[in-house]
Amino acid sequence: MVLRDTFMSDISAATLPPPRRDSYPALPSAGYVRLDRPVARAALPDPRSWIVNWPVYQQLTGRDRLGRGLAVRSPHTEHAAPRTEAAERVTNSVCPYCAVGCAQRVYVAKVNGQDTVTQIEGDPDSPVSRGRLCPKGSASKQLVTHPGRQVRVLYRRPYGKTWERLGLDQAMDMIADRVIATRAATWQETQDGNPVNRTLGFASLGGATLDNEENYLINKLWTALGAIQIENQARI
Ligand code: SF4
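Not measured: the values here are computed from a predicted model.

**Quick word on helix α8 (residues 212–225)**
Compared with an ideal rise of 1.5 Å per residue, which puts 14 residues at 20 Å, α8 spans 20 Å between its outermost C-alpha atoms and is within 8% of the ideal. Just downstream of α8 lies Gly226, where phi reads positive at about 100°.

See below:
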């Protein structure tokens, strides 16, 4: 049944004779395929080209006697191309995930008329990483392209069970109001007679994808507000 949905979809039903169980041809093996119709003759490979392209034949007659190169290269590999090939421009950047700061090359191409990040690779010119990225950095393309990425503010009210969308301005005002109110309510000028000028009413916990510059500003803001509990994954 799988065959009818995939492989056979290319073959017009009108060209096929009625199904006959005794006429099933031998197919190249594909474990999950189950035949319930014979395959059109044109779909079978020509025996001569099949033998000529057989890796063993190529090993015996060609220069790749050990079968590590051309002799065993599949048609899929033969037609494969780098994911960066279609890029229209390349921008240099830095991986945002951790303090190593590996350099990246961001490949951009037009997709549906829009500039789109099509691939992110390590930058070989970087003295830090010399073209390498760890698995996390290699997946950083998803930061901008993954369909599950949230690009709108979501808010869950106290005791609420669902998320609701808020406008960015409204969300920023709500955060600012709460920070100011909390600071006023929890401000400490002294402790045990010593000046401290701080609040323990709020703390900051940054995410790993914030970059150095963002963390610098966040650290400065929270310190100026009197917070002493400021943390971040990896970068501060
Ligand atoms: S997360 Fe990986 S690729 Fe990114 S900076 Fe750190 S080590 Fe480099």
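Back to the text.
**Thoughts on the site of the ligand**
Taken together, Cys95, Tyr97, Cys98, Val100, Gly101, Cys102, Ser129, Leu133, Cys134, Lys136 and Gly137 make up all the residues around the ligand. Of the residues that constitute the shell around the ligand, the class distribution is seven nonpolar, three polar and one charged.

**Regarding unusual backbone geometry**
Peptide bonds are, in most cases, trans, and in most cases residues other than glycine have a negative phi. Positive phi outside glycine occurs at Asp192, with the angle close to 55°. Among the structural elements, Asp192 can be located in the loop between β6 (187–191) and β7 (194–199). According to the C-beta neighbour criterion, Asp192 is exposed, with 5 such atoms within 10 Å.

**What to know about the sheet that holds strand β2 (residues 103–111)**
Read across the open sheet, the three strands follow the order β1-β2-β3; overall the sheet is antiparallel. Looking along the sheet, the strands with just one partner apiece sit at the ends: β1 (89–94) and β3 (114–122). Each neighbouring strand pair of the sheet contributes to a mean axis angle of 35°, computed without reference to strand direction. Pairing of β1 with β2 involves six bridges; the strand directions are antiparallel. Looking at β2, one finds that Val90 is bridged to Tyr107.

**Observations regarding the nonpolar core**
Of all hydrophobic cores here, the largest spans five residues; its members are Cys95, Tyr97, Cys102, Ala103 and Leu133. Residues in contact with Cys95, not counting those within four places in the same chain, are Gly101, Cys102, Gln104, Leu133, Gly137 and Ser140.

**Considering the environment of Ala139**
Following the sequence through the fold, Ala139 ends up in the loop between α5 (135–138) and α6 (142–145). Spatially, the C-alpha atoms of Ala139 and Gln119 are 9.3 Å apart, while their sequence positions differ by 20 residues.

**Thoughts on the environment of Trp54**
Among the secondary structure elements, Trp54 is positioned in the loop between α2 (47–52) and α3 (55–61). The exposure class assigned to Trp54 is exposed, which follows from the 12 C-beta atoms found within 10 Å.

**Let's talk about the pairing of β3**
In terms of strand pairing, β2 meets β3 through eight bridges, oriented antiparallel. Following the sheet pairing, Lys110 is matched in β3 by Asp115.

**Digging into the pairing of β6**
By the criterion of burial, β6 is predominantly exposed, with just zero of the five residues buried. Here four bridges tie β6 to β7, and the two strands are oriented antiparallel to one another. Paired with Trp187 across the two strands is Thr199, which belongs to β7. The antiparallel hairpin formed by β6 and β7 contains two residues in its connecting segment, where Asp192 sits at a positive phi of about 55°.

Calculation criteria
Residues numbered from 1 in each chain as written. Predicted model: local features only at pLDDT ≥ 70, side-chain atom pairs only at ≥ 80, totals over all residues. Helix = DSSP H or I, 4+ residues; strand = E, 2+ residues; numbered from the N terminus. Expected span 1.5 Å × (residues − 1). Near = placed C-beta within 6 Å. Nonpolar A, V, L, I, M, F, W, Y, C, P; charged D, E, K, R; others polar. Buried ≥ 20, exposed ≤ 12 C-beta atoms within 10 Å, placed from the backbone. Pairing = 2+ DSSP bridges. Axes fitted to C-alpha atoms, helices over the stretch in contact; angles between N-to-C directions. Core = buried A, V, L, I, M, F, W, Y, C linked by C-beta atoms within 7 Å. Contact = placed C-beta atoms within 7 Å.

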